[in-house]
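# Fold and geometry: a report
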Amino acid sequence: MWDDVAAAAVDPDILSRRVRFVPARRASQPAATSALVRVLNPGVASTGKARSDVRNGDGGALPASQSAPAGPAPLFPPERLLGMLGWSSVRGAGPGLSNLGQTCFMNAALQALAHLPPLAQLCLSRHHSRGCRVLGWCAYCELEALIVELHGSAARSLAPTAMAGKLRLIARHFRPDRPQDAHEFLLGLLSRMRSAAAEGKCGGGGAADGVGGAEPKCCSSEVDQLFGGSLVSTLTCGVCGGSTTARESSAGLSLGLHKAATVERALRNFTASEPVKGDDSFWCAACAAKVEGTRRLRLGDTPHVLVLQLKRFRYDCARGASKLCHAVQYEEELRPRRDDPR
């Protein structure tokens, strides 16, 4: 109530404005095709019953009946993308990228993207630029041009000056000649690419300010399909054993390394159950009280390209920040299990 009063003090008309609801065009798509609009009850139109988020269980993988609702037809054919997950021909590593002054973070992300088979082959075919509808600078077109040059140049190194000159359009707080976070740059670039891929094609688009994650859109482009996944958070009551699940979109996982020497171990730690007690106690609808229990994160929908951030810094209240310099092993192929109890 206090928040409402404070809001009214700032804008006297905010509580008296009329909210007009528009009937949905489709059962799974809102009429207002904005990235900020989400369908609240996606299962009501198709089944006549609202989906319940409270269930009993052991916190395993969600059953098929509780999977994410199907959205509108994708912008890019998923079956075509499946055929591009491997290289169609053998290609060399290509030239390196010159350091233009504290741009190592940018170069690392660009090289990783340039050597992803599906994204590289899309860019080499100039899939986006041939139909780009973005007014002004387009991050997708810029990356496409760089990838084409990287895979076609015989030079030892290239200077990504065009991309470096647009850092503030990728993330407002980025500054030239200052070191930044590679993962943050990657998320910001992917956000711009997702907006560019959807521009003018599903009533939305438009680059988002700052760093974007996998915020759902009204349609699924090739960028969404490649990098967009979801996480399922499960709270389990320690009294009645009932659990509440919530699904949220994700553009990657941030894995702690302070108790892991391999990527697989870090992933298991990420999805392990953790106790929830004290001030973090949560409300259990079945018990009608605040209870203690456990929280667990699991992989919901796994993308074709899973972005893993290895957190090299550890923060301690007594010692402050410290860097973790130990070697981290990883297998050539990683098969995450969504229902792994460990």
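Residues numbered from 1 in each chain as written. Predicted model: local features only at pLDDT ≥ 70, side-chain atom pairs only at ≥ 80, totals over all residues. Heavy atoms only, no water.

### Regarding the pairing of strand E10 (residues 293–299)
Sheet analysis places strand E4 (residues 229–237) next to E10, joined by seven bridges and oriented antiparallel. From the neighbouring strand, valine 232 faces E10, where its bridge partner is arginine 298. Pairing of strand E7 (residues 274–276) with E10, which is carried by three bridges, proceeds in the antiparallel orientation. Bridged to glutamate 274 within E10 is arginine 295. (Pairing = 2+ DSSP bridges. Helix = DSSP H or I, 4+ residues; strand = E, 2+ residues; numbered from the N terminus.)

### With respect to the pairing of E4
Counting buried residues in E4 gives seven out of nine residues, a clear majority hidden from the surface. Note that E4 and strand E5 (residues 242–250) share eight bridges and pair antiparallel. Opposite threonine 236, over in E5, you have serine 243 as the bridge partner. The hairpin formed by E4 and E5 contains four residues between the paired strands, and glycine 241 there has a positive phi angle of roughly 85 degrees. (Buried < 20%, exposed > 50% of the residue type's maximum accessible area, 1.4 Å probe, protein only.)

### Describing the pattern of salt bridges
Enumeration over the complete set of coordinates arrives at four salt bridges. Arginine 247 is the partner of aspartate 301 in a salt bridge, and the nearest nitrogen-oxygen pair spans 3.2 Å. In this pair, aspartate 301 is assigned in the loop between E10 and strand E11 (308–311) and arginine 247 in strand E5, connecting sequence segments 54 residues apart. With a relative accessible area of 35%, aspartate 301 lands in the partly exposed category. Using a relative accessible area of 28% as the deciding quantity, one classes arginine 247 as partly exposed. When the shortest N-O distance is used, the salt bridge between glutamate 264 and arginine 268 registers 3.0 Å. Here glutamate 264 and its partner arginine 268 are both found in helix H11 (residues 263–270), four residues apart, which amounts to about one turn of the helix. (Salt bridge = Lys/Arg side-chain N within 4 Å of Asp/Glu carboxyl O.)

### Looking at the nonpolar core
One finds Leu110, Leu113, Leu119, Tyr140, Phe185, Leu189 and Phe227 to be the most contacted residues of the largest nonpolar core, which totals 41 residues. Those elements that place two or more of their residues in this core are helix H4 (104–114), helix H5 (117–124), helix H6 (139–152), helix H7 (161–164), helix H8 (167–170), helix H9 (182–198) and helix H10 (222–227). Setting aside residues up to four positions removed in sequence, leucine 189 forms contacts with Leu110, Leu113, Ala139, Met163 and Ile170. Leu253, Leu267, Leu299 and Val328 belong to the second largest nonpolar core, which has 11 residues in total. (Core = buried A, V, L, I, M, F, W, Y, C linked by side-chain atoms within 4.5 Å. Contact = heavy atoms within 4.5 Å.)

On their own, these measurements won't tell you what the molecule is for.
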